[in-house]
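Breakdown of the fold
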Amino acid sequence: MNFIISLYLFILTSFNEQPIDLNTRFNTGQLIVVTTDSWNKIEGKMSVYEYKANRWMPVFSEIPIVTGRSGMAWGKGLHKSELNKGKLKKEGDGNSPAGIFQLSGLFGYEDIRSEMNSLKVDDRTFCVDDSKSVYYNQIVKSDTVKKDWDSAETMRMKSDVYKFGIFVDYNVKPAIPNMGSCIFMHIWSGSNKPTAGCTAMKESDILKLIDFLDKRKNPILVQVPQSEYIKLKGMYKLP
């Protein structure tokens, strides 16, 4: 009898659960969708949408991207926590986070003219990836805070990969130790060269994306393998 009651309640809850409208829930008018063919695939595509006339309208699509060297893994974001099962992201695992995340700002080697907040980085700018630090998964200036970390990523690379970048709000508010840090969208080193966990693309494409983004429209990134995107379409009214 208890089994029958539990099954009935499960079915009732499933039927009553309504899809989540990203535009309403997060007040977002801009959607960036990144998909790959599988969890371990590093090459993928990015499509960009704007919310107009009560629907997601395509702005540009099928832009080539690369993910982390290990592919993707579920991580802490805006999506339902019950989705985070199976392959889960950890610090240093080489996975790009899968899920739904806010894009909160830009960074670069020079000032960026954009509708987003931006940070000019230099050789004193670091992203702390040491889980023991109070600054874990935060951008810091080494000359303005007391160093308590053993590991941090320089934001002023010798290469141009961080010449232009976008902050992805992964594992924030609060940052959970060892769950992963320093996730960005940035310029790639090549179409077949994965990142350490970020999402990367050609310089011309990230400039196009930066020009599109507007903080007043609360841009959101949906990043998952294609098989998971098909499931999320119904859950979150995705295009």
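Bear in mind that the values here come from a model prediction, so they are computed numbers and not experimental data. (Residues numbered from 1 in each chain as written. Predicted model: local features only at pLDDT ≥ 70, side-chain atom pairs only at ≥ 80, totals over all residues. Heavy atoms only, no water.)

1. Looking at the overall build of the protein
Under the convention used in this document: In DSSP terms, a helix is any run of H or I states spanning at least four residues, a strand is any run of E spanning at least two, and both are numbered starting from the N terminus. This radius of gyration counts C-alpha atoms alone. The globule rule is 2.2 Å times how many residues there are, raised to the power 0.38. Each residue gets one of three labels from its accessible area relative to the maximum for its type: buried under 20%, exposed over 50%, partly exposed in between, using a 1.4 Å probe on protein chains only. In this description, accessible areas are obtained by the Shrake-Rupley approach with a 1.4 Å probe, and a residue is regarded as covered only by the protein chains that are shown. Under the counting rule used here, the positive set is Lys and Arg, the negative set is Asp and Glu, and His together with the chain ends is not counted. Every charge is mapped onto a representative atom, which is NZ of Lys, CZ of Arg, CG of Asp or CD of Glu.
Counting its regular elements, the protein contains four helices and 13 strands. Relative to a compact globule of 239 residues, whose C-alpha radius of gyration would be 18 Å, the protein shows 19 Å and is just as compact. With the principal axes as the frame, the protein shows a C-alpha extent of 65 × 40 × 35 Å. Sorting the 239 residues of the protein into buried and exposed places 46% on the buried side. For the protein, the accessible surface area stands at approximately 12400 Å², while carbon and sulfur atoms represent 52% of it. Seen as two clouds, the 32 positive and the 27 negative side-chain charges of the protein have centres 3 Å apart.

2. Comments concerning the pairing of strand E13 (residues 220-225)
We apply this condition: Note on pairing: two strands pair once DSSP finds at least 2 bridges between them.
Along E13, six of the six residues are buried, which leaves the element largely enclosed by surrounding structure. The pairing of strand E1 (residues 30-36) with E13 spans six bridges and is parallel. Bridged to Ile-32 within E13 is Leu-221. In terms of strand pairing, strand E5 (residues 95-108) meets E13 through four bridges, oriented antiparallel. Within E13, the position partnered with Gly-99 by the bridge is Gln-223.

3. As for the state of the cysteines
The test is simple: To count as a disulfide, a pair of cysteine sulfur atoms needs to be within 2.5 Å.
Per the counting criterion, the structure on display carries one disulfide. The thiol sulfur of Cys-198 is not disulfide-bonded, and the nearest other cysteine sulfur, from Cys-182, lies at 8.0 Å.

4. Details of the side chain of Ser-181
How we decide: Between N or O atoms, a polar contact is any pair within 3.5 Å; within protein, one atom must be a potential hydrogen donor and the other a potential acceptor, and residues adjacent in sequence are included only when both atoms are from side chains. Should any heavy atoms of two residues lie within 4.5 Å, those residues are counted as being in contact.
When you line up the elements, Ser-181 lands in the loop between strand E10 (164-168) and strand E11 (184-187). Classification of Ser-181 as buried rests on a relative accessible area of 9%. Within the local environment of Ser-181, its side chain forms a polar contact with the side chain of Glu-91, the two groups lying 2.9 Å apart. In contact with Ser-181, not counting residues within four places along its chain, are Glu-91, Val-128, Asp-129, Tyr-136, Asn-137 and Tyr-170.

5. Description of helix H4 (residues 226-236)
The following threshold applies: As used here, the arc belongs to the directions running from the helix axis to the C-beta atoms.
Taken residue by residue, H4 has Glu-228, Tyr-229, Leu-232 and Tyr-236 as its buried positions. Seen end-on, H4 carries its buried residues on one side only, within an arc spanning 100°. Facing away from the buried side of H4, by more than 90 degrees, are the exposed residues Ile-230 and Lys-231. Buried residues along H4 sit against helix H2 (22-25), E1, strand E4 (71-74), E5 and E13.

6. Quick word on the nonpolar core
Across soluble globular proteins, nonpolar side chains show a tendency to be buried alongside one another. The cut-off we apply is this: We define a nonpolar core as any set of buried Ala, Val, Leu, Ile, Met, Phe, Trp, Tyr and Cys residues linked to one another through side-chain atoms lying within 4.5 Å.
Within the largest apolar cluster, 44 residues are counted, with the highest numbers of intra-cluster contacts made by Ile-32, Met-46, Met-185, Leu-209 and Val-222. Ranked by residues supplied to this core, first place goes to E5 with five residues. For Val-222, the contacting residues outside a window of four places in its chain are Leu-22, Leu-31, Ile-32, Val-33, Val-34, Gly-99, Ile-100, Tyr-229, Leu-232 and Leu-238. The next biggest cluster of nonpolar side chains, apart from the first, holds eleven residues, and it includes Val-121, Cys-127, Met-155 and Cys-182.

7. Some details on the packing of aromatic side chains
For clarity, the cut-off: Working definition: rings of Phe, Tyr and Trp (its six-membered ring) pair if their centres are within 6.5 Å, and the pair is stacked with planes under 30 degrees apart, edge-to-face with planes over 60 apart, and tilted otherwise.
Counted by the stated rule, this structure contains ten aromatic pairs. Centroid distance Tyr-135 to Trp-149: 6.1 Å. Interplanar angle 85°. Geometry classified as edge-to-face. One end of the pair, Tyr-135, is in the loop between strand E7 (125-128) and strand E8 (139-141); the other, Trp-149, is in the loop between E8 and strand E9 (152-154), with 14 residues separating them in the sequence. Here Tyr-135 falls in the partly exposed class, since its relative accessible area comes to 21%. Judged by its relative accessible area of 7%, Trp-149 is buried. Ring centres of Phe-167 and Phe-184 lie 5.8 Å apart, and the angle between their planes is 70°; this geometry places the pair in the edge-to-face category.

8. Re the environment of Thr-67
Tracing the backbone shows Thr-67 in the loop between strand E3 (55-66) and E4. For the pair Thr-67 and Lys-45, spaced 22 residues apart in the sequence, the C-alpha separation amounts to 10.0 Å. Reaching out from Thr-67, the side chain makes a polar contact with the backbone oxygen of Lys-41 at a distance of 3.5 Å.

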